[in-house]
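Take a look at the letters that make up each chain.
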Amino acid sequence: MLENARYDCPYCGEEVETSVDLSGGDQTYIEDCQVCCRPITFVLQVHGEEWHLEVFSENE
């Protein structure tokens with residue numbers, strides 16, 4: 001199940017929208033910022049119907 005999520009890039013501070021796949025449960029993955037192209041670590045936590053996305057720079 002895909003959901004849209006908004007986050008602020010930890011590098012450039014721009015608000016960006018991405019899709020997250022909730023069907024895989026908890027996940028950690030790296031994706032480049034759509035604005036500044038720097039690598040962002042995404043930590044997705046899924047608890048039933050509720051989910052939470054955190055983003056970190058590679059230095060955090």
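Since the model is a prediction, treat every value here as computed from it, not as a measurement. (Residues numbered from 1 in each chain as written. Predicted model: local features only at pLDDT ≥ 70, side-chain atom pairs only at ≥ 80, totals over all residues. Heavy atoms only, no water.)

A.B. asks: Just checking my understanding: could you explain the overall build of the protein chain for this structure?
C.D. replies: The helix and strand inventory of the protein chain stands at 0 helices and 5 strands. Across the protein chain, helices and strands are ordered from the amino to the carboxyl terminus as β-β-β-β-β. Taken against the 2.2 N^0.38 rule, which gives 10 Å for 60 residues, the C-alpha radius of gyration of the protein chain at 11 Å falls within 12% of a compact globule. Looking at the 60 residues of the protein chain, the share that counts as buried comes to 27%. A sequence separation of at least 24 residues applies to 28% of the contacts in the protein chain between residues at least 6 apart. (Helix = DSSP H or I, 4+ residues; strand = E, 2+ residues; numbered from the N terminus. Rg over C-alpha atoms; globule rule 2.2 N^0.38 Å. Buried < 20%, exposed > 50% of the residue type's maximum accessible area, 1.4 Å probe, protein only. Contact = heavy atoms within 4.5 Å.)

A.B. asks: What should I look at first to understand the sheet that holds strand β5 (residues 50–57) in this one?
C.D. replies: As a general point, the strands of a sheet are linked pairwise by backbone hydrogen bonds and lie either parallel or antiparallel. What the 3 strands build is an open sheet, ordered β3-β4-β5; its pairing is antiparallel. Only two strands of the sheet have a single neighbouring strand rather than two, namely β3 (27–32) and β5. Pairwise comparison of adjacent strand axes, ignoring direction, gives a mean angle of 25° for this sheet. Pairing analysis gives 6 bridges linking β3 to strand β4 (residues 39–47), with the strands arranged antiparallel. From the neighbouring strand, Gln27 faces β4, where its bridge partner is Leu44. (Pairing = 2+ DSSP bridges. Axes fitted to C-alpha atoms, helices over the stretch in contact; angles between N-to-C directions.)

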